[in-house]
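Coordinates in review
As a plain string of letters, each chain reads:
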Amino acid sequence: MSVDQPSAISYRLFSDYHTHPQGHRTQRYSAKLLQPWADSARKVGLTDIAFTDHDRFHHGVDFDEVDRLREKNPDLKIRAGIELDNDPASSAAGRKWIEANWDRLDFVLGSVHFLERADQMFDTVPAGAAQFEGHNIDNLYADYFRRIREIAVTGLLDCLAHLDLIKIHGHRPNAEIDSIVDETLDLIRARNLALELSTAGWRKPVNELYPSDRIIQLAIAKGIPFTAASDAHSHAQLGENFPRLAEKMSILDVREVCVYEKHKRELRVRLSDE
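This one's a predicted model, so the numbers in the text were calculated from it and none came from an experiment.

Reading the values: the criteria
- Residues numbered from 1 in each chain as written.
- Predicted model: local features only at pLDDT ≥ 70, side-chain atom pairs only at ≥ 80, totals over all residues.
- Heavy atoms only, no water.
- Helix = DSSP H or I, 4+ residues; strand = E, 2+ residues; numbered from the N terminus.
- Expected span 1.5 Å × (residues − 1).
- Buried < 20%, exposed > 50% of the residue type's maximum accessible area, 1.4 Å probe, protein only.
- Contact = heavy atoms within 4.5 Å.
- Polar contact = N/O pair within 3.5 Å; in protein donor to acceptor, adjacent residues only side chain to side chain.
- Core = buried A, V, L, I, M, F, W, Y, C linked by side-chain atoms within 4.5 Å.
- Salt bridge = Lys/Arg side-chain N within 4 Å of Asp/Glu carboxyl O.

1. Comments concerning helix α4 (residues 137–152)
- The end-to-end C-alpha distance of α4, which contains 16 residues, comes to 23 Å, matching closely the 22 Å that a straight helix rising 1.5 Å per residue would cover.
- Among the residues of α4, those classed as buried are Ile137, Leu140, Tyr141, Asp143, Tyr144, Phe145, Arg147, Ile148, Arg149, Ile151 and Ala152.
- Contact partners of the buried residues in α4: β4 (77–84), α3 (91–100), β6 (159–160) and α5 (177–190).
- At the N-terminal boundary of α4, the capping side chain belongs to Asn136, with an oxygen 3.0 Å from the backbone nitrogen of Asp138.

If you want it as structure tokens, here you go:
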């Protein structure tokens, strides 16, 4: 089946495993901050969500507040998580925090947001696009996926976020993507990690799902499982473009998504509308 051919099967997704209640600043978890996320999840038909604020804002995470939110919203599965990236200024402290709180965390995402510049994430829009000017794109892709492999072997992850984020500004490699990502996908499989299918790419300049159809196909062939993700930085973005994602998954024959509790993965069949 062509990846562009519409699917006759209708599914809906029930989980969103990449969310940022704090946004891009430290905000202590509270009922006022978190309850709107539970309300939004219910509104869009989600039953399982993971809070995955950036590790640089771990001071705002309050596990007791998450427990209270669970008590007030027993119809929802609410997972305590974090997104560990390769920020030169904060990732070392983030790793220590994850190690210290491993037993209270359900889920840890891993991501790469920094290339050569230590003072700016390359995925900043539009400023980060300047980091690609005058550079060999294939070399940047190779460097990016090398950094992905470095964070994948930390032993602190359950899943990799937006695997081909490097394409965010629309830059494409000259080499075949198969040869670029094969080593990384083999490592992900060997480490028993998952990949997220992130709708965030559809609201970025590249206007494409993370990861690309071809990477998803390669991951399926290697037996790598997937999570569903919006990378929401506002509760209004929770589950954004999930009907479109569900259609894409049907076309690519992704039959299951995984959820986590205390880092234990469970595969669940997508829910049918029919």
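2. Describing unusual backbone geometry
- Here the residue pair Val125 and Pro126 is connected by a cis peptide bond, since its omega of 0 degrees sits within 30 degrees of zero.
- Mapped onto the secondary structure, Pro126 falls in the loop between β5 (107–110) and α4.
- Residue Tyr210 is joined to Pro211 through a cis peptide bond whose omega torsion reads -15 degrees.
- Within the secondary structure, Pro211 sits in the loop between β7 (194–198) and α6 (213–221).
- Phi angles above zero are rare outside glycine, and Asn192 is one such case at about 60 degrees.
- Checked against the element boundaries, Asn192 lands in the loop between α5 and β7.

3. Considering the environment of Ser15
- Looking at the secondary structure, you find Ser15 in strand β2 (residues 15–16).
- A relative accessible area of 1% means that Ser15 is categorised as buried.
- Residues in contact with Ser15, not counting those within four places in the same chain, are Leu46, Asp48, Ala228, Phe242, Val257 and Val259.

4. Observations regarding the nonpolar core
- Grouped together as the largest cluster of nonpolar side chains are 83 residues, with contacts concentrated most on Leu160 and Leu185.
- With eight residues, α4 is the single largest residue contributor to this core.
- Those residues within four positions of Leu185 in sequence are excluded, and the remaining contacts are Leu163, Leu195, Ile215, Leu218, Ala219, Lys222 and Ile224.

5. Here we look at the pattern of salt bridges
- Summed over the entire model, instances satisfying the criterion amount to 28 salt bridges.
- For Arg268, the salt bridge goes to Asp48, with nearest N and O atoms at 3.9 Å. With Arg268 in strand β10 (residues 264–269) and Asp48 in strand β3 (residues 48–51), the pair connects residues that are 220 residues apart, well separated along the chain.
- Assessed through its relative accessible area of 26%, Arg268 is described here as partly exposed.
- Arg149 serves as the salt-bridge partner of Glu183, at 3.5 Å between the closest nitrogen and oxygen. In this pair, Glu183 sits in helix α5 while Arg149 sits in helix α4, placing the two residues 34 residues apart along the sequence.
- Each of the salt bridges in this network shares a partner with another, and the network as a whole consists of Asp48, Arg79, Glu261, Glu266 and Arg268.

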